[in-house]
Amino acid sequence: MSDTTNLSDVRRHTNLRIPVHGDTVAATRYQPVEETEPSPALLMYVPYHQDDGITYGAYDPLNRYLAKHGYEVVVADMAGTGASTGFIGEPFTRREGTEPAEIVQWLADQPWTTGRIGMFGKSYGGITALDAAGQQPDALEAIVPIHTPYQGFRNAYTYGGLFEFLTIGMDWLTLMQALDAKPSSRLDDEGQWKDSWLGRLERMSDREPWLFQFMENNPEESYWEDKNIPVDNIETPTLAVGGWRDPYTEDTLQYFEAIDAPKRLLLGPWRHQMPHRGRESAIDFRKQVVEWFDHFLKDKDNGVLASPEIQVWTELDGGGTNAGQWRGFSQWPTVDDSLSETVAFAVTPDGLESPDTYHGDEVNTTYEFDPTVGISSADPYGVTFEPPATNDDDARTLTFETDRLDNPVELTGTGEVTVRVQSTVADPTVVVRVVDVDPDGQGTLVTTGAVRGRYRDGLDSPADMEPGKEHELTIPLEPKSHIFEEGHQIRVAIGSSFFPVWLPTPERGSFTLRSDPENPTVVRFPGRARKDVTFDDPIEMDQPDDVLPTSPTRAAGESSWETSRERVEGEARATKAHDIQVSLPHGALSRESTHEASVKVDDPASASARNEMRIEFTNDLGDFEVVASNYISHSLCRLNTTVKLDGETVYEESWTK
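Residues numbered from 1 in each chain as written. Predicted model: local features only at pLDDT ≥ 70, side-chain atom pairs only at ≥ 80, totals over all residues. Heavy atoms only, no water.

**Q** Describe the sheet that holds strand 19 (residues 443-452), and please don't skip the residues or the numbers.
**A** What the 4 strands build is an open sheet, ordered 15-22-18-19; its pairing is antiparallel. The sheet terminates laterally at strand 15 (398-401) and strand 19, the two strands that pair on one side only. Averaged over all pairs of adjacent strands, the angle between strand axes in this sheet comes to 20°, irrespective of strand direction. The sheet contact formed by strand 18 (residues 429-437) and strand 22 (residues 489-495) spans 7 bridges and is antiparallel. In the sheet register, V435 faces strand 22, and the bridge partner there is R491. (Pairing = 2+ DSSP bridges. Helix = DSSP H or I, 4+ residues; strand = E, 2+ residues; numbered from the N terminus. Axes fitted to C-alpha atoms, helices over the stretch in contact; angles between N-to-C directions.)

**Q** Could you give an account of the pattern of salt bridges, naming the residues involved and the relevant values?
**A** Two side chains with opposite charge may pair up if their charged atoms get near one another. In total, this model carries 46 salt bridges according to the counting rule given. We note a salt bridge from K300 to D294, for which the minimum N-O separation is 3.7 Å. A salt bridge links R491 to E401, with the shortest nitrogen-to-oxygen separation between them at 2.5 Å. Here E401 lies in strand 15 and R491 lies in strand 22, a separation of 90 residues in the sequence. Here R491 falls in the buried class, since its relative accessible area comes to 9%. For E401, a relative accessible area of 25% puts it in the partly exposed group. A cluster of three or more residues bridged by salt bridges with shared partners is formed by R245, R271, E315, D379 and K480. (Salt bridge = Lys/Arg side-chain N within 4 Å of Asp/Glu carboxyl O. Buried < 20%, exposed > 50% of the residue type's maximum accessible area, 1.4 Å probe, protein only.)

**Q** Any details on helix 3 (residues 124-134)? Residues and values, ideally.
**A** In terms of residue burial, helix 3 counts as a mostly covered element, since 11 of its 11 residues are buried. For helix 3, the set of buried residues is Y124, G125, G126, I127, T128, A129, L130, D131, A132, A133 and G134. After helix 3 finishes, the residue Q136 shows a positive phi value of roughly 55°.

**Q** Hey, could you go over helix 7 (residues 249-258) for me, with residue numbers and the actual values?
**A** Counting buried positions along helix 7 gives 7 out of 10 residues, so the element sits mostly inside the fold. Within helix 7, the full set of buried residues consists of T249, E250, D251, T252, L253, Y255 and F256. Looking at the packing, one finds that the buried side of helix 7 touches helix 3, strand 7 (140-146), strand 8 (238-243), strand 9 (263-268) and strand 10 (310-315). (Contact = heavy atoms within 4.5 Å.)

**Q** I'd love a proper account of the nonpolar core, names of residues and values included.
**A** Residues W172 and F214 are the most contacted members of the largest nonpolar core, which totals 190 residues. A total of 11 residues in this core trace back to one element, the largest contributor, which is helix 4 (residues 165-181). When near neighbours in sequence (up to four residues on either side) are disregarded, W172 contacts Y48, F92, Y124, T167, W210 and F214. (Core = buried A, V, L, I, M, F, W, Y, C linked by side-chain atoms within 4.5 Å.)

**Q** Tell me what's going on with unusual backbone geometry, and back it up with residues and numbers.
**A** The omega torsion of the bond from F499 to P500 falls at 5°, within 30 degrees of zero and hence cis. Counting through the fold element by element, P500 comes out in the loop between strand 22 and strand 23 (510-515). A positive phi angle is found at Q136, which is not glycine, with a value near 55°. A relative accessible area of 39% means that Q136 is categorised as partly exposed.

**Q** Could you give me a rundown of empty space enclosed by the protein, with the residues and numbers involved?
**A** In this approach the atoms are scanned with a rolling probe the size of a water molecule, which exposes any empty space left behind. According to the stated counting rule, one finds 5 cavities of 30 Å³ or more in the structure shown. Lining the largest cavity we find 13 residues, and of these Q177, D180, R207, P209 and W210 sit closest to its centre. Of all the elements in the fold, those that place two or more residues in the lining of the largest cavity are helix 4, helix 6 (210-216) and strand 30 (637-645). Looking at the lining of the largest cavity element by element, the count peaks at 4 residues for helix 4. Across the lining of the largest cavity, the residue classes break down as 8 nonpolar, 2 polar and 3 charged. Residue lining of the second largest cavity: Y48, D52, G53, I54, L175, L179, K182, L589, R591 and I615, and that is the complete set. Of all the secondary structure elements, the ones that give two or more residues to the lining of the second largest cavity are helix 4 and strand 27 (587-600). (1 Å grid on protein atoms, 1.4 Å probe; cavity = no way out; pocket = protein on both sides within 12 Å on 5 of 7 lines; lining within 4 Å. Points joined across faces, edges and corners; volume = space filled by probe spheres on them. Nonpolar A, V, L, I, M, F, W, Y, C, P; charged D, E, K, R; others polar.)

**Q** Explain a negative patch on the surface to me, using residue names and the numbers behind them.
**A** Where like charges cluster on the molecular surface, the negative patch consists of E592, E616, D623, D646 and E648. For E592, the location among the structural elements is in strand 27. Residue E592 is classed as partly exposed on the basis of its relative accessible area, which comes to 44%. (Patch = residues over 30% accessible without salt bridge, like charges linked within 9 Å, V, L, I, M, F, W, Y side chains within 5 Å. Areas by Shrake-Rupley, 256 points an atom, 1.4 Å probe, with all protein chains shown as cover. Lys, Arg positive; Asp, Glu negative; His and termini not counted. Charge placed at Lys NZ, Arg CZ, Asp CG, Glu CD.)

**Q** Quick one: what's the story with the environment of E518, residue by residue and with numbers?
**A** Note that E518 resides in the loop between strand 23 and strand 24 (522-529). Using a relative accessible area of 77% as the deciding quantity, one classes E518 as exposed. As for E518 and Y358, which are separated by 160 residues in sequence, their C-alpha atoms are 8.9 Å apart.

**Q** Please set out the pairing of strand 22 residue by residue, giving values where relevant.
**A** Here is the key point about a regular strand: its side chains alternate between the two faces of the sheet. Burial analysis of strand 22 places 7 of its 7 residues in the buried class, the great majority of the element. Judged by which residues are buried, strand 22 turns out to be covered on both faces: Q489, R491, A493 and G495 on one side and I490, V492 and I494 on the other are all buried.

**Q** Give me the lowdown on the packing of aromatic side chains, citing residues and values where you can.
**A** For the coordinates displayed, the defined rule picks out 25 aromatic pairs. Here the aromatic rings of Y150 and Y255 are separated by 6.4 Å at their centres, their planes lie at 75°, and the arrangement is edge-to-face. Taken as a pair, Y150 in the loop between strand 7 and helix 4 and Y255 in helix 7 lie far apart in primary sequence, 105 residues in all. Exposure class is identical for Y150 and Y255. Each is buried. One aromatic cluster is present, built from ring pairs that chain together Y48, F92, Y124, Y157, F163, W172, W210, F214, Y223 and W224. Over the ring of W112 we find R29; its NZ or CZ atom is 3.9 Å from the centre of that ring. Lying across the ring of Y223, K227 places its NZ or CZ 3.8 Å from the centre. (Phe/Tyr/Trp six-rings, centres within 6.5 Å; stacked < 30°, edge-to-face > 60°. Lys NZ or Arg CZ within 6 Å of the ring centre and 35° of its normal.)

**Q** Before we move on, can you summarise the packing of helix 1 (residues 55-68) against helix 8 (residues 285-297) with the specific residues and values?
**A** Their axes nearest at 10 Å, the elements helix 1 and helix 8 cross at an angle of 45°. Considering the angle they form, helix 1 stands oblique to helix 8. Read as a crossing pair, helix 1 and helix 8 show a hand that is right-handed. Mapping the contact onto sequence places P61, L62, Y65 and L66 in helix 1 and R286, K287, V289 and V290 in helix 8. Counted by class, the contact of helix 1 with helix 8 contains 6 nonpolar, no polar and 2 charged residues. (Parallel < 35°, antiparallel > 145°, perpendicular 65-115°, else oblique. Left-handed = near helix turned anticlockwise from the far one by under 90°.)

**Q** Summarise the environment of W106; cite the residues concerned and give the values.
**A** In this structure, W106 sits in helix 2 (residues 95-108). Residues W106 and P19, 87 residues apart in the sequence, show an inter-C-alpha distance of 8.4 Å. In contact with W106, not counting residues within four places along its chain, are L16, R17, I18, P19 and W112.

Functional significance is not addressed by these values, which are geometric in nature.
And the structure:
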């Protein structure tokens, strides 16, 4: 089988082998054909199988684009995944920084590179780029991490200590369960793939599944201690990218602040998707990546550092994804920043009003926990639809609104809500959603925040609340830039759930919300009342040089997101489904997944999910089928993985806890 494919202006080498820490990492090299001299190299280091559905199906066009602009692009299977040797006992340990750092130095020593190396990638690819930069390898001269957490616990829990049920527990961990058991779809001539795969299957049966590891270890546990990326060490020029609808916006702001190097930050309206491919406000991001690497790896004076340090999309038109303005900032505003203007609204019996004008009665309202809240507000990545109306969720929470606004009000920055609650249970979940209500009464989620009661003083200081005693909780809101326009209303909704995005705490109960003029429950955010929506800090952002579909060009498929509510028992259900077919150079691959979460209105402990992912592919050995299924709840987790070749079962294992 040939390991080289010519694509007119790019030559794709598919049998690159790199020695790393005693293992052999399998990689694909995209060689720029028109370059007659050595080129700088760009590395993506991920566990998603470099010849398969995600890494090839989604990123091959980007890799070829970068190669055509004069870069050797190398996409490598993380040690312990795909066609690489090795095994991963626990994910996100520091090996995920030292391994790519070693590869960076190996690439620098190759005769086909100039010795100047960059790294890029989304999500896991961003993690390894940041982690490698934290090791300070001499040859690494620029990175572009996209939608990336940097603290270990954030790969499973929110800053408020809630388990990331939908994105991690249901979606990502099911994917990794399948990829764990799946062999490389491309067979190398030496047969190394077979030894790596069979050895991995043998060790998998004795390893605790990642799902169990994550759910057994709360965010304060020692399990997470060696999984934090040392971002304070980073001296590598960094183009950081985040999105308003991505889970890791706050993470991006935090690591960006910690990096002491030339840097720029791009915050747009995207989900967990590449900015040049997002359905919302796609930009010419590929060109920006090239220009970033050109400046630091080729010494081109192209003005990338002349732009504002922070570039932000401000939402207009009630929070839709298409109307807005790009703006430039020198720093990100927070409520703790004395230089930032701040808007505050107190919770009163008459709605939201300025704390300075709150002189009336106190709020003393009891709320019965409703774990079904969230299914009308969730905006999951991986599917395509406009942000949903929040009204059904709002009706199931405590809501407080402003009058219709006479002038626009801006929220740009990281806000917080101070909530006075008295709970009947020791560890309640308190969720605050800030909603933009248009003149027709439809609500659109702007930002949200949540905390478990035991983490009210921080993840490092867990302590149960005393039932029946009033506590004051400070809940940070997700970062955002948004304009509440004239004629709209600002709504604050306070409840106990954002399901299925986060797993609610399991106790039945209630909390009493309190607010009075002397000590109000209050929402504060950086911003100000405006005369209009004309900005004095606008910037221009180029559109893509060619129109790209939301789905990768190498793949075709469909996604769906359905929610329902059973009227008798009040059970809420959300189902996410996705199927994709990928045309590979060495065959074909299909992936189908279904993720179904449900919870009963009167029983938070009933929250559960059933997930299945099926991957089928054909290569020279035959027809493979990998099926990963699992059930997740507070009291029971059960997994099953099966691998078949030409209809015969070659591996099957189940785990229960």
